[in-house]
Every structure is written in structure tokens, then in C-alpha cells.
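Residue strings, one per chain:
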Amino acid sequence: MRFENVSFTYPGTDKEVLNGISLDVKPGQSIALLGTTGSGKTSLVNLLPRFYDYSAGSITLDGIELREYPRDFLRRQIGIVEQEPFLFSMSVRNNISYGVARPVTDSEVEDAARAAAIHDVILSKLPEGYATMVGERGITLSGGQKQRVAIARTLLKDPRILILDDSTSSVDTETEAEIRGALDTLMRGRTTFIIAHRIQSVMNATQILVLDEGRIIQRGTHEELVNQPGSYRRIYEAQTRIEQELEEEMSRVNGTHGA
């Protein structure tokens, strides 16, 4: 996939939200997008399934201009795991198989759930297992459980391209660690775009892009970016300091309780 001098303005506005984005992405690579709210991260990934078409420049997939692909074809090739995944008012099994454009067997659903680290939870904690109704009128799952159902759904879809849109930001650190293993399974062999605020979530990406006002202001690996002046190192140092302060505070609290 290649982005060449891509710019984008939302229809009906004159504010350019992406400007001059150029990027080469090889199959199986992971591209992380960092930046403040409004920097253009989500706008960039929304071009891939053609939720919007870019205003200028070129995006090619397998050498073919993205606009040449029908939207429904592209969307079958792309899996999205969002910050707040949506579950439907149907069984867990149907939630996992929803949107897969082919008949699926029970064993395929359960294999996807195992890979997403949610199979044992479904069997041990839900009253009717895979037949348990969830969603608006059913059992409400925790944030981490919903994420893993969404990951299982995406695994079953088996997309070529994966978009992780801040997919661990709404869960606690312990749950994030559990989801991280499922995401690693999901990313294996797929071209992945990762939107994140926590640097911990993107340190292993093939390439990290730091965006500001629709432009790429830094790019490189974690090791390259953390060793050069700029936004990435400032974010890394600030987040590291906050994590250390939290750990020290937790140690003091636990020490007080243990006294």
C-alpha cells in the first residue's frame, strides 16, 4: 500500500485535516499513529475503507488506485477494532459471527474465541455459554470482554488489513495486558494500522508516525524516535514519569495497608 502526497478535506468544509501524507506500507507491517486529538489519525485510517475519499494525492493497494475498488470489496478486506466495540442484541455466538460474509461453523466461532482469549470466559461466566443473549436487552459484558468478542469477530472475518482504533484505552492495565495477547494473535500476518495514545501500545510497531495538524512531523521505530528530540520523546518521558508516580503511590498505599 502506498500513500503519495495525500490530502483530505471533509466535504462541505474548507479545513484541510490531512496534508501531504506520503507512506509506503509493506504487507504484514504495523503502522502506529500518534498525535493529539484532531491531528488526523482517525481521518487517515477512515480513507482505507473509503468512508471518505481523499481530496488530493494517491493511495494505491496492490498497485491499483483505491478509488478503483468498490467500497463493499474494500470493507470485506478490512477489520476494525474500536475503542468502544458495539455488541448487538443477539447471542454471543451470533455477535462473533456477525458480518462474516460466509457460513461459519460452531467450531470456527469457538476457535476464534479461543484465539481472542474469551472462550473460557463464555463457558464459565455466562449462564448459557455461547447462546447467552448480550447487548441492549441481554447481559452486559465488561469492557475487556466486549473487546475480546470484537477481536474474535475480526479474527473470524480474517481481513487482510486491520485497524486498531485506540482499542485498549478504555480498560485497566491488567485487562489491557490480557487483550494485548489477543491483539498480537489478530495482527499476525496482517497489515495493521494502530491508533493509540499510550506509547506502550505502539513500541513494537514497524513504523511509528507522529501527526500534528494533519502532517507527519516524525516517523521511525520506537528506538529511533525515543533517542531524538521531538514530540515522541516528550510524550514517552511524560507517560513514563506518570507511570512511575502511580507505581510509587500504589506501593505507599499497599505499604500502609500492610502495616
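Read on for an overview of the structure.

About the thresholds
Residue indices begin from 1 for each chain and proceed along its sequence in written order. In view of the model being predicted, local features appear only for residues whose pLDDT reaches at least 70, and side-chain atom pairs are presented and counted only at 80 or more, with totals across whole chains, interfaces and linings using the full set of residues. The side-chain values count all of the structure's non-hydrogen atoms but skip hydrogen atoms and water molecules. Numbering goes from the N terminus for both helices and strands, where a helix is a DSSP run of H or I of at least four residues and a strand is a run of E of at least two. We compute the radius of gyration from the C-alpha atoms alone; for a globule the expected value is 2.2 Å times N to the 0.38, where N is the number of residues. Burial here depends on accessible area, computed with a 1.4 Å probe over protein chains only, as a share of the maximum for the residue type. Under 20% is buried, over 50% is exposed, and the range in between is partly exposed. Put simply, a nonpolar core is a bunch of buried Ala, Val, Leu, Ile, Met, Phe, Trp, Tyr and Cys residues held in one set by side-chain atoms that sit within 4.5 Å of each other. Throughout, a contact is declared for two residues whenever any of their heavy atoms are within 4.5 Å. Two strands are counted as paired when DSSP detects at least two bridges linking them. Residues adjacent in sequence count toward polar contacts only when both atoms are side-chain atoms; beyond that, a polar contact is any pair of N or O atoms within 3.5 Å, and within protein one must be able to donate a hydrogen and the other to accept it. Patch definition: residues above 30% relative accessible area lacking any salt bridge, with like charges linked at up to 9 Å and the nonpolar side chains Val, Leu, Ile, Met, Phe, Trp and Tyr linked at up to 5 Å. Shrake-Rupley sampling with a 1.4 Å probe provides the accessible areas, and residues are treated as covered by the protein chains on show and by no other component. By salt bridge we mean one thing: a side-chain nitrogen of Lys or Arg within 4 Å of a carboxyl oxygen of Asp or Glu. A positive count includes Lys and Arg, and a negative count includes Asp and Glu. His and the chain ends are not counted in either. Charge coordinates come from a single atom per side chain, which is NZ of Lys, CZ of Arg, CG of Asp or CD of Glu. Interaxial angle, 0 to 180 degrees, is taken between N-to-C directions of lines fitted to C-alpha atoms, where a helix line uses only the stretch in contact.

Observations concerning the overall build of the protein
Along the backbone of the protein there are nine helices and 12 strands. In terms of overall dimensions, the protein is globule-like: its C-alpha atoms have a radius of gyration of 20 Å, near the 18 Å expected for 259 residues. Across its three principal axes, the protein shows a C-alpha extent of roughly 55 × 55 × 35 Å. Counting across all 259 residues of the protein, residues that qualify as buried make up 45%.

Details of the nonpolar core
One finds Ile-96, Ile-151 and Tyr-232 to be the most contacted residues of the largest nonpolar core, which totals 40 residues. If near-sequence neighbours (up to four positions away) are discounted, Tyr-232 is found in contact with Leu-34, Ile-199, Val-202, Met-203, Ile-208, Val-210, Gln-218, His-222, Leu-225 and Val-226. Judged by nonpolar contacts, the second largest core, of 28 residues, contains Met-1, Leu-18, Leu-66 and Leu-211.

Focus on the sheet that holds strand E5 (residues 64-65)
Within a sheet, neighbouring strands are paired by backbone hydrogen bonds and run either parallel or antiparallel to one another. Judged by pairing direction, the sheet is antiparallel, and its four strands sit side by side in the order E2-E1-E4-E5 without closing on themselves. Each having just a single partner strand, strand E2 (16-24) and E5 make up the two edges of the open sheet. Note that strand E1 (residues 2-9) and E2 share five bridges and pair antiparallel. Its bridge partner lying in E2, Phe-8 is registered against Leu-18.

Notes on the side chain of Ser-43
Considering the arrangement of structural elements, one finds Ser-43 in helix H1 (residues 41-46). At 2.8 Å, the side chain of Ser-43 forms a polar contact with the side chain of Tyr-10. Those residues in contact with Ser-43 that lie beyond four places of it in its chain are Phe-8, Tyr-10, Val-17 and Leu-18.

Looking at a negative patch on the surface
Taken together, the side chains of Glu-243, Glu-245, Glu-247 and Glu-248 make up a negatively charged region of the molecular surface. Along the chain, the position of Glu-245 falls in helix H9 (residues 231-258). A relative accessible area of 46% means that Glu-245 is categorised as partly exposed.

Description of a nonpolar patch on the surface
Together, Phe-51, Tyr-52 and Ile-80 line one region of the surface with nonpolar side chains, adding up to about 240 Å² of accessible area. Checked against the element boundaries, Tyr-52 lands in the loop between H1 and strand E4 (56-61).

Digging into the pattern of salt bridges
Applying the stated rule across the entire model yields 11 salt bridges. A salt bridge links Arg-2 to Glu-4; its shortest N-O distance comes to 3.9 Å. With a relative accessible area of 39%, Arg-2 lands in the partly exposed category. Its relative accessible area of 41% is what places Glu-4 among the partly exposed residues.

Some details on the sheet that holds strand E3 (residues 30-34)
Across the sheet, which stays open at both edges, the six strands sit in the order E6-E9-E10-E3-E11-E12 with mixed pairing between neighbours. If you trace the sheet from one side to the other, it starts and ends with strand E6 (78-82) and strand E12 (215-220), each paired once. The average angle at which neighbouring strand axes cross in this sheet is 20°, direction not considered. Where E3 and strand E11 (residues 207-212) come together, four bridges link them in parallel fashion.

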